Amino acid sequence: MNIYVIVMLLGGLFCLVRAAFDLRAGRYVWAALGLIAGLAILLTPVPQSIPLELQLPAAGRQG
């Protein structure tokens, strides 16, 4: 698991937990914003690999 994936999971979970605390405290706008932010972070697709194409010159060829 990539470090960036772990950071994104922790950030999303923090937003959701914070939204729950705000909801219990009666701060409904902040709770809605926290819920939206947490879901947006957790539902964003993260690419697991980046395709890389490397062009090397042919061996023995001098130009």
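For the structure itself, consult the block above.
Residues numbered from 1 in each chain as written. Predicted model: local features only at pLDDT ≥ 70, side-chain atom pairs only at ≥ 80, totals over all residues. Heavy atoms only, no water.

Participant: Provide a residue-level description of helix H1 (residues 3-25), including the pertinent values.
Facilitator: End to end, H1 covers 33 Å across 23 residues, agreeing with the expected 33 Å (1.5 Å per residue, within 8%). Buried within H1 are the following residues: Val-5, Gly-12, Cys-15, Ala-19 and Asp-22. Lining the buried residues of H1 we find helix H2 (28-43). At the exit of H1 stands Gly-26, carrying a positive phi of roughly 90°. (Helix = DSSP H or I, 4+ residues; strand = E, 2+ residues; numbered from the N terminus. Expected span 1.5 Å × (residues − 1). Buried < 20%, exposed > 50% of the residue type's maximum accessible area, 1.4 Å probe, protein only. Contact = heavy atoms within 4.5 Å.)

Participant: Which residues make up the pattern of salt bridges, and what values go with them?
Facilitator: The final tally for this structure, using the stated rule, is two salt bridges. In this structure, Asp-22 engages Arg-18 in a salt bridge whose closest nitrogen and oxygen atoms are separated by 3.6 Å. Placement of the pair is Asp-22 and Arg-18 together in helix H1, with a separation of four residues, close to one helical turn. In this structure Arg-18 comes out as partly exposed when scored by relative accessible area, which is 43%. Between Arg-27 and Asp-22 there is a salt bridge, and its shortest N-O distance comes to 2.8 Å. Classification of Asp-22 as buried rests on a relative accessible area of 5%. Each of Arg-18, Asp-22 and Arg-27 takes part in salt bridges that share partners, so that together they form one network. (Salt bridge = Lys/Arg side-chain N within 4 Å of Asp/Glu carboxyl O.)

Participant: Got a sec to walk through the environment of Tyr-28? Specific residues and values, please.
Facilitator: Within the fold, Tyr-28 resides in helix H2. Measuring from C-alpha to C-alpha, the distance between Tyr-28 and Asn-2 comes to 34 Å, with 26 residues separating the pair along the chain.

Participant: Break down H2 for me, with residues and values.
Facilitator: In this model H2 runs 22 Å from its N-terminal to its C-terminal C-alpha over 16 residues, within 8% of the 22 Å that 1.5 Å per residue would give. Along H2, the residues classified as buried are Ala-31, Gly-34 and Gly-38. With its buried residues spanning 65° around the axis, H2 presents them on a single face. Turned more than 90 degrees from where H2 packs its buried face, Val-29, Ile-36 and Leu-43 sit exposed. Tucked into the core, H2 has its buried residues touching H1. (Arc of directions from axis to C-beta.)

Participant: How would you explain the environment of Leu-52 if you had to name every residue and give the values?
Facilitator: Within the secondary structure, Leu-52 is located in the segment after H2. With a relative accessible area of 79%, Leu-52 lands in the exposed category.

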